[in-house]
Amino acid sequence: MDKTRVGIGLVVAVLVVQAVASLVWSADATLTGLALVFNAVAAVSTTLFALRGGRASWVVVGWCAGFFGWHALGLGEIAGWWTTGLEAAFSVAGAYQPSVVYQAVMTAAAGFAVHLLLPRQPQASAT
């Protein structure tokens, strides 16, 4: 399996988990709506990339980088490294440990997706 397929699978997994988490644990209806819209647009971008390839990878990498930043912000908020006032947005079922695990796993998954989907320069052959 190539890196692109693994990266696309990872993006799909991140989007599904985020959508389910938004529906199950969100404390705010507006935030849930925004999360679902962002996830839907990212899903469309990912689908177009999976079907067409090409330069669309930059769009999907951008979405994944945004998800990485969002979950890293959440991880820092929950861990107490900084305060943003968005603790309720990052909390999973109002519990500390599941929230830290969720944010850490989602941060890592989005980061790996960025790494796997970044366009690569063709290697020059040594002759």
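Up top is the structure.
Source: prediction; values computed, not measured. (Residues numbered from 1 in each chain as written. Predicted model: local features only at pLDDT ≥ 70, side-chain atom pairs only at ≥ 80, totals over all residues. Heavy atoms only, no water.)

(A) View of the packing of helix α2 (residues 29-52) against helix α3 (residues 56-79). Close contact between α2 and α3 brings their axes to 9 Å; oriented N to C, the two are set at 150°. In this structure, α2 meets α3 at a crossing whose hand is left-handed. Judged by residue contacts, F38, N39, V41, A42, S45, T46 and F49 of α2 engage A56, S57, V59, V60, W63 and F67 from α3. Here the residues of the contact of α2 with α3 are counted per class, giving nine nonpolar, four polar and no charged. (Axes fitted to C-alpha atoms, helices over the stretch in contact; angles between N-to-C directions. Helix = DSSP H or I, 4+ residues; strand = E, 2+ residues; numbered from the N terminus. Left-handed = near helix turned anticlockwise from the far one by under 90°. Contact = heavy atoms within 4.5 Å. Nonpolar A, V, L, I, M, F, W, Y, C, P; charged D, E, K, R; others polar.)

(B) Quick peek at unusual backbone geometry. Despite not being glycine, A93 shows a phi value in the positive range, around 55°. Assignment of secondary structure puts A93 in the loop between α4 (87-90) and α5 (96-117). Relative accessible area serves as the criterion here: at 56%, A93 is assigned to the exposed category. (Buried < 20%, exposed > 50% of the residue type's maximum accessible area, 1.4 Å probe, protein only.)

(C) Representation of the nonpolar core in the model. The biggest cluster of nonpolar side chains holds 19 residues, and the ones touching the most others in it are V11, V60, C64, F67 and L117. Counting residues per element, the ones that place at least two in this core are α1 (3-25), α2, α3 and α5. Residue contributions to this core peak at seven residues, all from α5. When sequence neighbours within four positions are dropped, the list of residues in contact with V60 reads V11, S45, T46, F49 and L117. (Core = buried A, V, L, I, M, F, W, Y, C linked by side-chain atoms within 4.5 Å.)

(D) A look at the packing of aromatic side chains. One pass over the full model with this rule turns up four aromatic pairs. Taking 6.0 Å as the distance between ring centres and 65° as the angle between the ring planes, the aromatic pair formed by F38 and W63 counts as edge-to-face. With a gap of 25 residues between them, F38 in helix α2 and W63 in helix α3 connect regions that are remote in the sequence. Among the residues examined, F38 registers a relative accessible area of 44% and is labelled partly exposed. What makes W63 partly exposed here is its relative accessible area of 21%. In this structure an aromatic cluster arises from ring pairing among F38, W63 and F67. (Phe/Tyr/Trp six-rings, centres within 6.5 Å; stacked < 30°, edge-to-face > 60°.)

(E) Representation of α2 in the model. With 24 residues, α2 ought to run about 34 Å at 1.5 Å a step, and its terminal C-alpha atoms sit 34 Å apart, in line with that. Following α2 by one or two positions, G53 has its phi on the positive side, about 70°. (Expected span 1.5 Å × (residues − 1).)

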